[in-house]
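Now for the letters of each chain:
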Amino acid sequence: MAIRDFIARGLRFECTACGKCCSNHNEHDFVFLTAQDIAGASRTLKLARKEFLGRYTQRSQGDRVLKSRGDRCVFLEPDGLCRIYEARPLQCRTFPFWPENLNPRTWNKTIAMDCPGVGRGKRVPRRRIETYLAWMRRGSTG
């Protein structure tokens, strides 16, 4: 099934702020950063870009990624909330609407098992999901 067909009627999703998506699991061990992500997080934390990069990021196979604290994102607070929520990276803003998740099997099995927000709340309209996909393709928040 094509992504467009799967999302045609929208998908029910409501973030429960559980923090599970901010923990490393399976092949999702990194939050990849765009230049906009770095600028926004640096500004939010009131740090120079270089200081932010040194403190909170590392290189992985040529990409800039957030460091982890144990098996969690360095910005995931003990209460399950994100310390830089307003400036959270593109990858975080668009979860769970990533291309690899938008097929019935992955959405209903893998993602629903890890994310209690899947199937809850109002339907996220197809156009909004397509916007997220476009942001991911461009690597920016528009």
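Here, the structure is the one placed above.
Residues numbered from 1 in each chain as written. Predicted model: local features only at pLDDT ≥ 70, side-chain atom pairs only at ≥ 80, totals over all residues. Heavy atoms only, no water.

Engineer: Got a minute to help me understand the pattern of salt bridges in this structure?
Structural biologist: Pairing of side chains with opposite charge becomes possible as their charged atoms draw close. Across all of its chains, the model carries 4 salt bridges by this definition. One salt bridge connects Arg4 with Glu130, and the closest N-O pair in it is separated by 2.4 Å. On the criterion of sequence distance, the pair formed by Arg4 in helix α1 (residues 3-6) and Glu130 in helix α6 (residues 126-138) is long-range, its members being 126 residues apart. Among the salt bridges present, the one from Glu51 reaches Arg55, with a minimum N-O distance of 2.4 Å. Of this pair, Glu51 and Arg55 both sit in helix α3 (residues 49-56), 4 residues apart, which is roughly one turn of that helix. Sharing partners across several salt bridges, the network here consists of Arg4, Arg126 and Glu130. (Salt bridge = Lys/Arg side-chain N within 4 Å of Asp/Glu carboxyl O. Helix = DSSP H or I, 4+ residues; strand = E, 2+ residues; numbered from the N terminus.)

Engineer: Hey, could you run me through the side chain of Asn101 in this one?
Structural biologist: Turning to its location among the elements, Asn101 is positioned in the loop between α4 (90-94) and α5 (104-114). The exposure class assigned to Asn101 is buried, which follows from its relative accessible area of 2%. Side-chain polar atoms of Asn101 contact the backbone oxygen of Pro96, separated by 3.0 Å. Excluding its chain neighbours within four sequence positions, the residues that come into contact with Asn101 are Phe95, Pro96, Thr106, Trp107 and Ile111. (Buried < 20%, exposed > 50% of the residue type's maximum accessible area, 1.4 Å probe, protein only. Polar contact = N/O pair within 3.5 Å; in protein donor to acceptor, adjacent residues only side chain to side chain. Contact = heavy atoms within 4.5 Å.)

Engineer: I keep staring at the side chain of Asp37 and nothing clicks. Help me out?
Structural biologist: As for its placement among the helices and strands, Asp37 is situated in helix α2 (residues 35-45). As a buried residue without a salt bridge, Asp37 has its nearest oppositely charged side chain in Arg93, at a separation of 5.7 Å. When near neighbours in sequence (up to four residues on either side) are disregarded, Asp37 contacts Phe32, Arg88, Pro89 and Leu90. (Lys, Arg positive; Asp, Glu negative; His and termini not counted.)

Engineer: Any chance you could explain the packing of aromatic side chains here in plain terms?
Structural biologist: The description of two aromatic rings rests on the distance between their centres and on the angle between their planes. Under the criterion given, the structure shown has 10 aromatic pairs. When the centroid spacing of 6.4 Å and the interplanar angle of 5° are considered together, the rings of Phe52 and Phe75 count as stacked. Of this pair, Phe52 sits in helix α3 while Phe75 sits in the loop between β5 (72-73) and α4; the two residues are 23 residues apart in sequence, bridging distant segments of the chain. Judged by its relative accessible area of 1%, Phe52 is buried. Ring geometry for Phe97 against Trp107: centres 5.6 Å apart, planes inclined by 25°, an arrangement best described as stacked. Here the residue Phe97 occupies a position in the loop between α4 and α5, and Trp107 occupies one in helix α5, the gap between them amounting to 10 residues. A relative accessible area of 2% means that Phe97 is categorised as buried. One aromatic cluster in this structure is built from Phe6, Phe13, Phe97, Trp107, Tyr132 and Trp135. (Phe/Tyr/Trp six-rings, centres within 6.5 Å; stacked < 30°, edge-to-face > 60°.)

Engineer: Explain α6 to me, please; I cannot follow it from the model alone.
Structural biologist: Note that an α-helix has 3.6 residues per turn; residues three or four places apart therefore point the same way. In a regular helix each residue adds 1.5 Å, so 13 residues correspond to 18 Å; α6 covers 18 Å between its end C-alpha atoms and thus fits that length. For α6, the secondary structure elements touched by its buried residues are α1, β1 (11-13), α4 and β6 (118-124). Positive phi appears at Gly139, one or two residues downstream of α6, with a value of about 75°. (Expected span 1.5 Å × (residues − 1).)

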